[in-house]
Amino acid sequence: MIDTTALTIQETCSLIASKQIKTVELTHSFLDRAKKLNSKLNAFITICEEIALKQAEKIDDLISDNQSLGPLAGIPVGIKDLYLTKGIKTTAGSKVLENYIPVYDSTSIARLKEANVVIIGKTNLDAWGHGSSGENSDFGPTKNPYDLTRVPGGSSSGSAAAVVSDMCLAAFGTDTGSSVRLPAAFCNLVGLKPTYGRVSRYGVIAMASSLDSIGHFTKTVYDNALVLNVTAGYDPRDSTTSQDKVSDYTKDIQKGVNGLKIGLPREYFKDLDKDIKKITMDAVKKLENAGASIQEVSLPHTQYAVATYYIIQPSEVSSNLARYDGIRFGFARDKFGQEAKRRIILGTFTLSSGYYDAYYLKAMKVRRLIKEDFNNVFKKVDILICPTSPSLPFKLGEKVNNPLQMYLSDIFVVSQNLAGVPSLSVPCGFIRNLPVGMQIVGPHFSEKLLYQAGYTYEQETKWYERKPKMGN
Amino acid sequence: MKKRQTTNVKRLTSTIDIDHTAKLANLDLSPAEKKTFDAQLGKVLDYINKLNEVDTKDVLPIDQITSVQNVTREDMPTPSLSQDDALKNAPRTYNGFFEVDAVFEKNNPE
């Protein structure tokens, strides 16, 4: 049995390619760990043992035939249960789709299959992506591996829990307004929200279409870049994808930050918890010592971001879910859970006759101002650094009956979706044994720069080596 | 009591007419749900109403995010799902079609 806890994608790829380990053996090891820990963590809704082992055999055959391999050959991954996977049940975390088996793959899944990954299973989430804690799943909450009484962050809760507890080496999420970055921060992982339109959304169940981005979790920055190399790029089936050239995100990742101009948006630090502030500033100091210059900047409309987001997002949620009829697949609308109903009602209201101008249209105007804030600031600096979450991972149950408090968990992570800019959340330490993350934010299509900065910081700290105590 | 907005005038409010909105959204809500949503969404509205502080007199609503606009494609058919696949998840089918409840009543005058 292979010890799954010490591996990264980078190492595993070379172990497989150099025939030091067999993909089947590796897959067995990850499946065993996933099956064992899932009763504790509830990270997976479905574990696809048979499909995973079949795929692993296929990859081992390719290797013994000396055939060419995809860049992620044999890598075990978890997939948020919002991505359509042909022949594998896809629930969106909702009882509405409890019996839905897609007949086609989302573009991301097709690309991952072409890269020869092994899908271990489909991960838990807040139903339809609606949530910041994972507790809105109709299949029960996921637990934070660092403290089982706390949330792992959401909505891509199971994906984060699965990677950090070594049930897989990468997992996929969606980020409409926190859903990759918050769980990455709460689970000591690297999580990317790419530029809007960098990664195809085709075949991923839509939440709010002008905000949805397709991201992923890994333990290290290098691994994260490796995965984006596979998922990024134009897709004729998603008209919002960009035709801009895709970089090799791992190339020059060691370039360093010498001469890089880093901005600290003062609105994010003003009332920040003092421990989180200290840990974030320590990280900034490390980048300064590595040659970056630091200056304070301002994103003046930051205080309106959550209000803007909680008009636009539910409006688009209501519009997308208005089309759900239960005629072609799934169950009827009466199976929607509480949070989906709440958002549908709020969004239907903000789009309704008489209120459209005061809410939706107003929010679309403020959204322009928020985006201009970012445009302006990136004339002065190359990247921004700010906290990912205003608090440590909170207790399960703490915010479930107070939707407004839950929505305010997203206070530092919604502006980037409104502006469409990329953001990489990287681990930046621990407070009272709980992980803390920080965001590296850049202009549109600057993912490469974010990885270079993240990599430089990670070399100094290696927080990913501090694992949750899950036993073996 | 809450009043239904009938004219097309901009207005901020702290209450949502839940019955009317649930009907628009085609959701059957229980009385308990209505009560809960009324209270919870009232607080959310109070919060989002703060957008009113922002002067947007000369600001146009945003219409694109990354400069990708007016994307079209050739109107050419491409391979798609087979009829069998399309029907695979349908709760009710009839002779290769989706089956639904009748939309119109039989003796509907006019």
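Details of the structure are given in the entry above.
As the structure is a computational prediction, the values presented were derived from the model and not from experiment.

**Student:** Quick one: what's the story with the overall build of chain A, residue by residue and with numbers?
**Tutor:** Across its full length, chain A holds 15 helices and eleven strands. The globule rule puts the C-alpha radius of gyration for 472 residues at 23 Å, and the 21 Å found for chain A is close to it. Within chain A, buried positions represent 62% of all 472 residues.

**Student:** Any details on the pairing of strand β5 (residues 190-193) of chain A? Residues and values, ideally.
**Tutor:** Residue and element names in this part refer to chain A. Side chains of β5 alternate between two faces, with V190 and L192 and G191 and K193 buried alike. Sheet topology note: the β5/strand β6 (residues 213-218) ladder contains three bridges and is antiparallel. Following the sheet pairing, V190 is matched in β6 by T218. The pairing of β5 with strand β10 (residues 423-431) spans three bridges and is classified as antiparallel. The residue of β10 that forms the bridge with G191 is S425.

**Student:** Outline the nonpolar core, supporting the account with residue identities and numerical values.
**Tutor:** Nonpolar side chains tend to gather and get buried jointly when the protein is soluble and globular. All names here are of chain A. Counting 152 residues, the largest nonpolar core has V77, I120, C168, A170, I345 and I383 as the members making the most contacts within it. With nine residues, the top contributor of residues to this core is helix α10 (residues 305-322). Excluding residues that lie within four positions of it along the chain, C168 makes contacts with F30, P76, V77, G78, I120, A162 and V163.

**Student:** Hey, could you go over the packing of α10(A) against helix α12 (residues 357-377) of chain A for me, with residue numbers and the actual values?
**Tutor:** Residue and element names in this part refer to chain A. In contact at an axis separation of 9 Å, α10 and α12 are set at 130° when each is read in the N-to-C sense. With respect to α12, the axis of α10 lies oblique. Our pair here, α10 against α12, has a crossing hand that is left-handed. Contacts between α10 and α12 involve A305, T308, I311, I312 and S315 from the first element and Y359, Y360, A363, M364, V366, R367 and I370 from the second. Its residues assigned to classes, the contact of α10 with α12 comprises nine nonpolar, two polar and one charged.

**Student:** I'd love a proper account of the interface of chain A and chain B, names of residues and values included.
**Tutor:** Contacts between chain A and chain B engage 52 residues on the former and 46 residues on the latter. Of all the elements in the fold, those that place two or more residues in the side of chain A that touches chain B are α10, α11 (338-350), α12 and α13 (403-408) of chain A. Of the residues assigned to the side of chain A that touches chain B, the class counts are 26 nonpolar, 15 polar and eleven charged.

**Student:** Residues and numbers for unusual backbone geometry, please.
**Tutor:** Residues and elements named next belong to chain A. Across the junction of G154 and S155, the peptide omega takes the value 10°, indicating a cis bond. Notably, N42 is not glycine yet its phi reads approximately 55°, a positive angle. The residue D252 is not glycine, and still its phi comes out positive at about 65°. With respect to the helices, strands and loops of the structure, D252 is situated in the loop between α7 (221-231) and β7 (261-265).

Cut-offs used in this document
Residues numbered from 1 in each chain as written. Chains lettered and ligands numbered in written order. Predicted model: local features only at pLDDT ≥ 70, side-chain atom pairs only at ≥ 80, totals over all residues. Helix = DSSP H or I, 4+ residues; strand = E, 2+ residues; numbered from the N terminus. Rg over C-alpha atoms; globule rule 2.2 N^0.38 Å. Buried ≥ 20, exposed ≤ 12 C-beta atoms within 10 Å, placed from the backbone. Pairing = 2+ DSSP bridges. Core = buried A, V, L, I, M, F, W, Y, C linked by C-beta atoms within 7 Å. Contact = placed C-beta atoms within 7 Å. Axes fitted to C-alpha atoms, helices over the stretch in contact; angles between N-to-C directions. Parallel < 35°, antiparallel > 145°, perpendicular 65-115°, else oblique. Left-handed = near helix turned anticlockwise from the far one by under 90°. Nonpolar A, V, L, I, M, F, W, Y, C, P; charged D, E, K, R; others polar.

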